[in-house]
Amino acid sequence: MKITLTIDGKPSEATIDPGECLMDVLRRLGHTSVKNGCDRGDCGSCAVLLDGRAVNACLVFAAQLDGAAITTVEGLEGPGGLHPLQFTALDGGAVQCGFCTPGILMTALDLLTDHPDPTEAEVRRALAGSYCRCTGYVKPVAAILTAAALLRDGRRD
Ligand code: FES
Ligand code: FES
């Protein structure tokens, strides 16, 4: 079957198997920032925005998504450069192997949509479903708090 999606602002058409998950479709279309860490909803590395909210793309059937808008970390960069979440992750040493980073940034973006001034505890709670084997979470959490401050100051990218 065929579905149409808007991925990072661009229209896209995909021929999919009825049981295929969004993660596999996105990766097949070349969006390899969407990582497969567990294939069963445990690690958060495949998180993307689906119509503006974070989902684990390995848990969503692509067949349900005809007409949906998907945002991956590849769509965060704007005309002025990196999104604050990307910039602070890199600048703050929050990226080591980087496997978890796309999912963490999309999860953080979802959090900041509703909580533009989150506490550290709220950031940590939001990342409860995101596994990072490298950083111990200290720097990712700090980077997200710094990005939130930049966004509140009106810096989009
Ligand atoms: S690959 Fe989707 S949550 Fe782990
Ligand atoms: S930076 Fe390696 S898993 Fe998070």
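Here, the structure is the one placed above.
All values reported here derive from a predicted model rather than from experimental measurement. One numbering rule holds for all chains: residues counted from 1, following each sequence as written. Note on labels: chains are lettered from A, ligands numbered from 1, in written order. Predicted model: local features are reported for residues with pLDDT of at least 70 only, side-chain atom pairs are reported and counted for 80 or more only, and whole-chain, interface and lining totals are derived from all residues. Computation of side-chain values: all heavy atoms of the structure, hydrogens and water removed.

1. Observations regarding the overall build of the chain
Put simply, the test is: By definition, any uninterrupted DSSP run of H or I lasting at least four residues is a helix, any uninterrupted run of E lasting at least two residues is a strand, and each is numbered from the N terminus. What the globule rule says is 2.2 Å times the number of residues to the power 0.38, and the radius of gyration is computed from C-alpha atoms.
For the chain, the helix and strand inventory stands at five helices and five strands. For the chain, the α and β elements follow one another from N to C terminus as β-β-α-β-β-β-α-α-α-α. In terms of overall dimensions, the chain is globule-like: its C-alpha atoms have a radius of gyration of 15 Å, near the 15 Å expected for 157 residues. Dimensions of the chain along its principal axes, counting C-alpha atoms only, are 45 × 30 × 25 Å.

2. Points about the nonpolar core
To keep it simple, the criterion reads: Buried Ala, Val, Leu, Ile, Met, Phe, Trp, Tyr and Cys residues that are joined via side-chain atoms within 4.5 Å together make up what is termed a nonpolar core. Under the scheme applied here, a residue whose accessible area is under 20% of the maximum for its type counts as buried, over 50% as exposed, and between as partly exposed, the area being computed with a 1.4 Å probe on protein chains only.
Among the nonpolar cores identified, the biggest contains 22 residues, and Leu85, Ile104, Met106, Leu109, Val123, Leu127 and Ile144 are the most heavily contacted of them. Broken down by secondary-structure element, the contributors of at least two residues to this core are α2 (84-91), α3 (101-114) and α5 (138-152). Among the elements that make up this core, the one with the highest residue count is α3 (seven residues). Membership of the second largest hydrophobic core comes to 21 residues, among which are Cys21, Ala57, Cys58 and Ile70.

3. Some thoughts on unusual backbone geometry
Positive phi values are uncommon outside glycine, yet Asp8 reaches one of about 50°. Structurally, the position occupied by Asp8 is in the loop between β1 (2-7) and β2 (10-15). Even without a glycine there, the phi angle at Asp51 is positive, about 50°. Summarising the element assignment, Asp51 is placed in the loop between β3 (47-50) and β4 (53-56).

4. Looking at the layout of surface pockets
In this approach a probe as big as a water molecule rolls over the atoms, and the regions it shows empty are the leftover space. Using the following cut-off: In the cavity and pocket records, a cavity denotes points on a 1 Å grid over the protein atoms alone where a 1.4 Å probe fits but cannot get out, a pocket denotes an open set with protein on both sides within 12 Å along at least 5 of 7 lines, and lining residues are residues with an atom within 4 Å of a point. Grid points are joined across faces, edges and corners, and a volume is the space filled by probe spheres set on the points. Residues are grouped as follows: Ala, Val, Leu, Ile, Met, Phe, Trp, Tyr, Cys and Pro are nonpolar; Asp, Glu, Lys and Arg are charged; every other residue, Gly included, is polar. Segment limits for the domains were obtained from an automatic or database-derived domain assignment.
Considering only enclosed or pocket space, the largest pocket measures out at about 180 Å³ in volume. Around the largest pocket, the lining residues are Gly37, Cys38, Asp42, Cys43, Ser45, Cys97, Phe99, Cys100, Tyr131, Cys132, Arg133 and Cys134. Looking at the lining of the largest pocket, its residues break down into eight nonpolar, two polar and two charged. Mapping the lining of the largest pocket onto the domain boundaries places at least three of its residues in each of domain 1 (2-75) and domain 2 (84-152).

5. What to know about the pattern of salt bridges
The condition that has to hold: Any Lys or Arg side-chain nitrogen found within 4 Å of a carboxyl oxygen on Asp or Glu counts as a salt bridge.
For the structure shown, the criterion picks out seven salt bridges. Lys2 is the salt-bridge partner of Glu13, the closest N and O atoms lying 3.7 Å from each other. Taken together, the residues span a long stretch of sequence, with Glu13 in strand β2 and Lys2 in strand β1 at a distance of 11 residues. Between Arg28 and Glu20 there is a salt bridge, and its shortest N-O distance comes to 2.8 Å. Assessed through its relative accessible area of 13%, Glu20 is described here as buried. One network of salt bridges, with partners in common, ties together Arg53, Asp110 and Asp114.

By themselves, these are just geometric observations and shouldn't be taken as functional.
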